[in-house]
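# Coordinate analysis (summary)
What follows is the residue order along each chain.
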Amino acid sequence: MRISTGLNCPQDRFFYSRTIMRARSYFLSTLKEAPADADVISQQLMIRAGMIKKLAAGVYTYMPVGLRTIRKIEKIIREEMDRAGAVELLMPIVQPAELWQESGRWEKYGAELLRFKDRHDRDFVIQPTSEEVVTDIARQEIKSWRQLPINFYHIQTKFRDERRPRFGVMRGREFTMWDGYSFDRDAEGAGKSYDIMFDAYHRVFNRMGLMFRAVRADTGAIGGSRSHEFQVIANAGEDVIAYCPESEYAANIELAEASSLIAERAEAREEMVKRATPEKEKCEDVTAYLGLPLTASVKSIVLAADRTDEEGNPLPAKIVLLLLRADHELNEVKAGHLPELKEGFRFATDEEIVQAFGSKPGYLGPVGISDDIAVYADLTVVNMSDFCCGANEEGYHYTGVNFGRDLPEPKAVDLRNVIEGDVSPDGKGKLKLQRGIEVGHVFYLGTKYSEALNATYLDENGKPQVLEMGCYGIGVTRLAGAAIEQNHDDKGIIWPDAIAPFEVVICPMNYAKSEAVREAADKLYEDLKAQGVDVILDDRDMRPGVMFADWELIGVPHRVVIGDRGLKTGEVEYVNRRNMAEKVMVKVDEALDFVKSRINR
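Our subject in this report is the structure included herewith.

### Looking at helix α11 (residues 350-357)
Buried residues of α11: Glu352, Ile353 and Phe357, and no others. Taken end-on, α11 shows its buried residues confined to a sector of 105°, consistent with a single buried face. Counted as exposed and oriented over 90 degrees from the buried face of α11: Glu351 and Gln355. In this structure, the buried side of α11 is in contact with β14 (298-308), β15 (314-325) and β16 (346-347). Count one or two residues on from α11 and you reach Gly358, which has phi positive near 75°.

### A closer look at the packing of helix α4 (residues 64-83) against helix α8 (residues 187-207)
Packing of α4 against α8 brings their axes to within 9 Å, and their N-to-C directions diverge by 150°. One finds that α4 runs roughly antiparallel with respect to α8. Our pair here, α4 against α8, has a crossing hand that is right-handed. Across from Ile76, Ile77, Glu79, Glu80, Met81 and Arg83 in α4, the residues of α8 making contact are Met197, Ala200, Tyr201, Arg203, Val204 and Arg207. Broken down by class, the residue content of the contact of α4 with α8 amounts to 7 nonpolar, no polar and 5 charged.

### Description of the sheet that holds strand β13 (residues 273-276)
Read across the open sheet, the 3 strands follow the order β13-β19-β18; overall the sheet is antiparallel. Each end of this open sheet is capped by a strand with a single partner; those strands are β13 and β18 (387-390). Adjacent strand axes in the sheet meet at a mean angle of 30°, parallel and antiparallel pairs treated alike. In the sheet, β18 pairs with strand β19 (residues 396-401) via 3 bridges, with the strands oriented antiparallel.

### Description of the pattern of salt bridges
A full pass over the atoms with the stated rule returns 43 salt bridges. Here Glu80 and Arg203 are joined by a salt bridge, their closest N and O atoms 2.7 Å apart. Of this pair, Glu80 sits in helix α4 while Arg203 sits in helix α8, placing them 123 residues apart in sequence. Between Lys274 and Glu393 there is a salt bridge, with its nearest N and O atoms 2.3 Å apart. Of this pair, Lys274 sits in strand β13 while Glu393 sits in the loop between β18 and β19, and the two are 119 residues apart along the sequence. The class of Lys274 is partly exposed, set by a relative accessible area of 41%. Judged by its relative accessible area of 32%, Glu393 falls in the partly exposed class. Because the salt bridges share partners, they merge into one network encompassing Lys75, Glu79, Glu80, Arg83, Arg203 and Arg207.

### Quick word on the layout of surface pockets
Looking at the second largest pocket, its volume works out to about 420 Å³. Looking at the second largest pocket, it is lined by 24 residues, and the ones nearest its centre are Glu281, Lys299, Ser300, Ile301 and Gly362. At the level of elements, α9 (283-290), β14 and β18 are the ones that each hand at least two residues to the lining of the second largest pocket. The greatest single-element share of the lining of the second largest pocket, amounting to 5 residues, is contributed by β14. Along the lines of polarity and charge, the residues of the lining of the second largest pocket split into 15 nonpolar, 5 polar and 4 charged.

### Quick word on the sheet that holds strand β28 (residues 535-537)
Judged by pairing direction, the sheet is mixed, and its 5 strands sit side by side in the order β28-β27-β29-β30-β31 without closing on themselves. Looking at the sheet topology across the chains shown, the edges are occupied by β28 and β31 (579-587). Within this sheet the neighbouring strands show an average axis-to-axis angle of 20°, counted without direction. Taken together, the 6 bridges between strand β30 (residues 571-576) and β31 define a ladder with antiparallel strand orientation. If you follow Val575 over to β31, its bridge partner there is Lys583. Across the face of the sheet, helix α16 (residues 544-554) comes into contact with β27 (504-508), β28, β29 (558-562) and β31 while running at roughly 175° to β27.

### Some points on helix α3 (residues 41-48)
All of the buried residues along α3 are Ser42, Gln43, Leu45, Met46 and Ile47. The inward-facing, buried residues of α3 abut β1 (52-56), β2 (59-62), α14 (476-486), β25 (488-489), β26 (492-493) and α16. Gly50 sits one or two positions beyond α3 and adopts a positive phi of about 75°.

### Quick word on the nonpolar core
Soluble globular proteins: nonpolar side chains tend toward being buried together. Met81, Trp178, Phe205 and Met208 are the most contacted members of the largest nonpolar core, which has 65 residues in total. Among the elements that make up this core, the one with the highest residue count is α8 (7 residues). Excluding residues that lie within four positions of it along the chain, Met81 makes contacts with Ala86, Tyr153, Trp178, Met197, Ala200, Tyr201, Val204 and Ile474. If you look at the next biggest cluster of nonpolar residues, it comprises 26 residues, including Val302, Ala304, Ile373 and Leu407.

### A word on the packing of aromatic side chains
Aromatic ring pairs are described here by two measures, namely the spacing of the ring centres and the angle between the planes. Within the structure shown, the criterion is met by 15 aromatic pairs. Ring centres of Phe116 and Phe124 lie 6.0 Å apart, and the angle between their planes is 25°; this geometry places the pair in the stacked category. An aromatic cluster is present here, built from Tyr153, Trp178, Phe198, Tyr201, Phe205, Phe212 and Phe230 joined pairwise through their rings. Over the face of the ring belonging to Tyr243 we find Arg213, whose NZ or CZ atom lies 3.9 Å from the ring centre. Over the ring of Phe548 we find Arg559, and its NZ or CZ is 4.1 Å from the ring centre.

### Regarding the packing of helix α15 (residues 515-530) against helix α18 (residues 591-598)
Relative to each other, α15 and α18 sit at 50°, their axes nearing to 10 Å. The orientation of α15 relative to α18 falls into the category oblique. Between α15 and α18 lies a crossing of right-handed hand. The residues of α18 that touch α15, namely those facing Leu524, Asp527 and Leu528, are Ala591, Leu592 and Val595.

### Digging into empty space enclosed by the protein
Once rolled over the atoms, a probe with the size of a water molecule shows which space is left empty. Per the counting criterion, the structure on display carries 1 cavity of 30 Å³ or more. Quantified by volume, the largest cavity comes out at close to 60 Å³. Taken together, Trp551, Glu552, Val556, Pro557, His558, Arg559, Val575, Asn576, Arg577 and Met580 make up the full set of residues lining the largest cavity. A per-class count over the lining of the largest cavity returns 5 nonpolar, 2 polar and 3 charged.

What counts, and at which threshold
Residues numbered from 1 in each chain as written. Predicted model: local features only at pLDDT ≥ 70, side-chain atom pairs only at ≥ 80, totals over all residues. Heavy atoms only, no water. Buried < 20%, exposed > 50% of the residue type's maximum accessible area, 1.4 Å probe, protein only. Helix = DSSP H or I, 4+ residues; strand = E, 2+ residues; numbered from the N terminus. Arc of directions from axis to C-beta. Contact = heavy atoms within 4.5 Å. Axes fitted to C-alpha atoms, helices over the stretch in contact; angles between N-to-C directions. Parallel < 35°, antiparallel > 145°, perpendicular 65-115°, else oblique. Left-handed = near helix turned anticlockwise from the far one by under 90°. Nonpolar A, V, L, I, M, F, W, Y, C, P; charged D, E, K, R; others polar. Pairing = 2+ DSSP bridges. Salt bridge = Lys/Arg side-chain N within 4 Å of Asp/Glu carboxyl O. 1 Å grid on protein atoms, 1.4 Å probe; cavity = no way out; pocket = protein on both sides within 12 Å on 5 of 7 lines; lining within 4 Å. Points joined across faces, edges and corners; volume = space filled by probe spheres on them. Core = buried A, V, L, I, M, F, W, Y, C linked by side-chain atoms within 4.5 Å. Phe/Tyr/Trp six-rings, centres within 6.5 Å; stacked < 30°, edge-to-face > 60°. Lys NZ or Arg CZ within 6 Å of the ring centre and 35° of its normal.

What follows is the structure, given as structure tokens:
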């Protein structure tokens, strides 16, 4: 066995250069096929590209290639949050139950909150978010108005015990999130902090090279009032965004206001008639059987709100009837804002429906029902006349039904999802719909948590005042999946430059055999490194087709191919991952500047 004592001979120089080249000493693990249980493109490609390995349902190991992208995402977020004046700390993954009990979320958060006991039988949680912990910090550390405003953030592991984790890193149970929390003296100051974060989010996602929209959103379980989601536009998105091309209006469909599609109610022209509709339970079947348009039918949706007495004993659920035009869909978020349903609701059971209406589902309607049932009609339904609805008797429906004559006027509420072509709420055009993946959210919380945890400061007059809070989150690991959903083709991932695991890959042909190729590849690699370019040199002994396929799958944006044939004419080949059909021959001595000019940072 020969032991080298220096780097003076060509063989020793080759050995040294091999060890500093990334590909052979790095860890790459690509697959031709994705597992059968991979739901979406991003999950399939991340597994095939060796970015993630599944450990358990919704729990992944981030392999070296994947971790590089995660770290780049984190770096961009850190830089922009530091620029916005936020201050980084690090809060624990494990949190004591007492804080969650103080805020009231111990009972309200639900099964997604992973609870456990330590050896002393004390209750803890694995954090899904950190409002309680950061508010506890604030109430201990913020004493005076002179310390405000302040905005803390951290990048930390979260755990939410999803009932059905899916879509890879986009709906996992364990994930990495950036979350920030602002504290201000008053609502005006909190609004300014909100706007600063709103602008910072735009810079973050623009730097990552993503196409996104900021949309108005519901505050959900976190609480608060003002709220925006940042949605990466992608066909695989779970969320639907309503936007107006003629204006800046954009909102999650859960929050998009749906106006009445009927300007005013027409006069009643028909008598209410009870008509047989045997075995016709769906509105589509009923209207077809009766020769009516679907838009002349009203469907009944029955919800239930569970109740207890003062001692916690269960009471009969409160039954709520919602009326929508048959071609519209219920917006459950809007329904959740109704007074009877604010504390939570569910769809009523068949048994509850029969008891309340005297009929099984499929034949329900608002005519002749008990006054104990709260009735709400969507704005479009309120302006309908001569409509069809269930008769609360199996096998029968009414036609020619009119409010005010055949039944009481209902409470008018926006209950439906908007549809494409609806008038934009700002009156500046018509709505369009597109799908998006939520990657960030900004909330104005107000005093929801600071009041619950008694987080106060002393104002200029020495009087205690409750802190005003904002809450901000960006899904770090989810961003990787969302970026892939927006940027891929049949060969693999197409990373935006800023978050690609590597910006440039050098692919030398016969690296081990050709000294000319090796010298040219080594020089370009070192020159790019010296200029701060994130470059990897593939010094593996592989066929060109296999090598190229690996990097196309991994999605490195810029590829330089160096071979003896090109070097004979003093050229190397450049290929952009987004346009691989266009290959550019570049002079060797111009390659450094050319590649740098193509990198979009």
